Amino acid sequence: IKSSAASDVYKRQVHRARVINNGTKFFVSPLRIVITVFQQSFKHLSTMNRTHLEGAAEALAAQQGYAFHTGPEDGMAHTVRSYPAAWLAPLELHAVEGCGHGRATYDMTLHLLSSGARLSPTERRAALARMEEQLLEIFAALSLDERVLAVEGLSVRPRAFALTPHGEISQTAAARIVTFF
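Residues numbered from 1 in each chain as written. Predicted model: local features only at pLDDT ≥ 70, side-chain atom pairs only at ≥ 80, totals over all residues. Heavy atoms only, no water.

Chemist: Just checking my understanding: could you explain the overall build of the chain for this structure?
Modeler: Summing up its helical and strand segments, the chain has five helices and eight strands in all. Its helices and strands in sequence order give the chain the pattern α-β-β-α-α-β-α-β-β-β-α-β-β, from N to C terminus. When burial is assessed residue by residue, the chain has 34% of its 181 residues classed as buried. Here the contacts in the chain between residues at least 6 apart in sequence split such that 62% fall between residues at least 24 apart. (Helix = DSSP H or I, 4+ residues; strand = E, 2+ residues; numbered from the N terminus. Buried < 20%, exposed > 50% of the residue type's maximum accessible area, 1.4 Å probe, protein only. Contact = heavy atoms within 4.5 Å.)

Chemist: Teacher, can you tell me more about the environment of Gly71 here?
Modeler: Assignment of secondary structure puts Gly71 in the loop between strand S3 (67-70) and helix H4 (76-79). The class of Gly71 is buried, set by a relative accessible area of 12%. Considered as a pair, Gly71 and Leu88 are 17 residues apart in the sequence and their alpha carbons are 6.6 Å apart. Setting aside residues no more than four positions away along its own chain, Gly71 makes contact with Trp87, Leu88, Ala89 and Pro90.

Chemist: Which parts of the structure should I look at to understand the pattern of salt bridges?
Modeler: Opposite charge on two side chains permits pairing when their charged atoms draw close. Applying the stated criterion across every chain yields a total of two salt bridges. For Asp107, the salt bridge goes to Arg176, with nearest N and O atoms at 2.7 Å. Linking Asp107 in strand S6 (residues 102-114) with Arg176 in strand S8 (residues 169-180), this pair joins segments that are 69 residues apart in sequence. Residue classification places Arg176 among the partly exposed residues on the basis of a relative accessible area of 29%. (Salt bridge = Lys/Arg side-chain N within 4 Å of Asp/Glu carboxyl O.)

Here is the structure:
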């Protein structure tokens, strides 16, 4: 049984997804169509911006003298062998606005690690202050990148415990990076 409302659904465009039904019948909700088109349209977006941000973070950490590593944080203990080291946790795509052009927002967490097992409390404070300055420099330089619109909500904190079994000291920075595509 076909009603006029049902036939109207087959001829309708889905707003913003620009999907046009060419007369074939389908029984998928408009939301599912939008999600599928969104995933296909922006497959290159997440890879391109994510890869670019990871490369920029690596270059900026190297300028500060850090060996760069990336991956899940639970892999840090068996991967980091020498210091100073920088560890970039996997970027989290937080939000995407726009269809053909727009903004993509990533959550970024970067750890700077330095030898610290035998430092006096004064040396430890000085090393943590130096690492904080370096993190601020890294994120300030990242905000000037050609694809970055803004670095928002930057927070930097020293870790109360070692992230690896080597007894290092570390500073962790987290920020929301707004990029455009």
